[in-house]
Amino acid sequence: MKKLVPDVICESVFAIDLDKLKKRQISGLLVDIDNTLVPWGEPEMEEAFVTWVKGAKQRGFKVCLVSNAKKPRAQSFATLLEIPAVGLALKPLGRAFRKGMALLDLRSHEVAVVGDQLFTDVLGGNRLGIYTILINPLSRNELDSTKIMRRIEQKILGHMVKRGQISAKHAQIRQGRD
Ligand SMILES: [Mg+2]
């Protein structure tokens, strides 16, 4: 259960406080693709997200995509953003996150995982002791299995509030869409 608790919850990648990450000595981002940077299954990334990644790079962050999507999909966005990618990541398994860290030449305390799912992004990151940032999914179009997980996520987030593991305000951010 503790491994499902994100370090921070943000409305979207745009709300991530990069200065705060820098203060934590974090200089790398392992970023999910679907519903984090691109609405699930969409072929194109909106310009604002491309700009966000570029901005993070300009501020000294190394960025790697870590996605459960098929490799060609992950690679097409990596090419667009001029960053590395690990596709077919099988998150929450640790292997892809480790590969991402190796590609960025950073260690677990120097990176943050950014993603929209508790059971893949947050769980996988926390298991490796990585700082985890949960964001709201960009769209509700997703796999049926993911939709079921969303309902479970909501329940778990509610429990986290009761236990004082996350603030009600943060849970509210997440519930905004449901
Ligand atoms: Mg996702």
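Sequence order as written defines residue numbering, which begins from 1 separately in each chain. Residue-level local features of this predicted model are given only where pLDDT is at least 70; pairs of side-chain atoms are given and counted only at 80 or more, and the full residue set underlies all totals for whole chains, interfaces and linings. Hydrogen atoms and water are omitted, and side-chain values are computed over all heavy atoms in the structure.

Peer 1: I keep staring at the coordination of the magnesium ion and nothing clicks. Help me out?
Peer 2: Only nitrogen, oxygen and sulfur atoms count as donors, using a 2.8 Å cut-off from the metal that widens to 3.2 Å for Na, K and Ca. Water is left out, so coordination shells may look unfilled. In the first shell of the magnesium ion, the protein supplies Asp32 (OD), Asp34 (O) and Asp116 (OD), at 2.0 to 2.2 Å from the metal. Each donor residue of the magnesium ion belongs to the same chain, with the gaps between them written as D-x1-D-x81-D. You can see Asp32 sitting in the loop between strand E2 (28-31) and helix H2 (47-58) and its partner Asp116 sitting in the loop between strand E5 (111-115) and helix H5 (118-127), a full 84 residues away along the chain. Numbering goes from the N terminus for both helices and strands, where a helix is a DSSP run of H or I of at least four residues and a strand is a run of E of at least two.

Peer 1: Just to check I follow, could you spell out the nonpolar core for this structure?
Peer 2: Counting 32 residues, the largest nonpolar core has Ile16, Leu21, Leu29, Leu37, Leu65 and Ile133 as its most contacted members. Those elements giving two or more residues to this core turn out to be strand E1 (8-10), helix H1 (18-23), E2, H2, strand E3 (62-66), helix H3 (71-81), E5 and strand E6 (131-135). Among the elements that line this core, the one with the most residues is H2, at five residues. Note on definitions: a residue-residue contact is assigned when non-hydrogen atoms from the two residues lie within 4.5 Å. For Ile133, the residues in contact, after removing those within four places along its chain, are Val8, Cys10, Ile16, Leu21, Ala112, Val113, Val114 and Gly115. Here the nonpolar core consists of buried residues drawn from Ala, Val, Leu, Ile, Met, Phe, Trp, Tyr and Cys, with membership extended through side-chain atoms lying within 4.5 Å. Partly exposed describes any residue whose relative accessible area lies between the buried limit of under 20% and the exposed limit of over 50%, with all areas from a 1.4 Å probe on protein chains only and scaled to the type maximum. Counting residues in each nonpolar core, the second largest holds 13 residues, with Val66, Ala89, Leu104 and Val111 among its members.

Peer 1: In this structure, what is going on with the pairing of E3? I would like to understand it.
Peer 2: Here is the key point about a regular strand: its side chains alternate between the two faces of the sheet. Summarising burial for E3: four of the five residues are buried, a large majority. Note on handedness: a clockwise path from strand one over the helix to strand two, with the strands aimed away from the viewer, defines a right-handed crossover. The β-α-β motif built from E2, the intervening H2 and the parallel element E3 has right-handed crossover chirality. A pair of strands is labelled paired if DSSP reports no fewer than 2 bridges between them. Looking at chain direction, E3 and strand E4 (residues 85-86) are connected through two bridges and run parallel. Looking at the pairing, Leu65 lines up with Ala85 of E4. Remark: the E3/H3/E4 crossover connection has right-handed handedness.

Peer 1: Just checking my understanding: could you explain unusual backbone geometry for this structure?
Peer 2: A negative phi angle characterises most non-glycine residues, just as the trans form characterises most peptide bonds. Residues Lys91 and Pro92 are joined by a peptide bond in cis, for which omega reads 15°. Checked against the element boundaries, Pro92 lands in the loop between E4 and helix H4 (94-104). Of note in the backbone geometry, Glu82 takes a positive phi value of approximately 55° without being a glycine. Position of Glu82 among the secondary structure elements: in the loop between H3 and E4. We classify Glu82 as exposed; its relative accessible area is 65%.

Peer 1: Where do I start with the pairing of E6 in this structure?
Peer 2: The buried fraction of E6 amounts to five of the five residues, a majority that puts the element mostly inside the structure. Both faces of E6 are covered, namely the face carrying Tyr131, Ile133 and Ile135 and the face carrying Thr132 and Leu134. The sheet contact formed by E1 and E6 spans three bridges and is parallel. Counterpart to Ile9 in the pairing with E6 is Leu134. Sheet analysis places E5 next to E6, joined by four bridges and oriented parallel.

As far as function goes, none of this settles anything; it's purely spatial.
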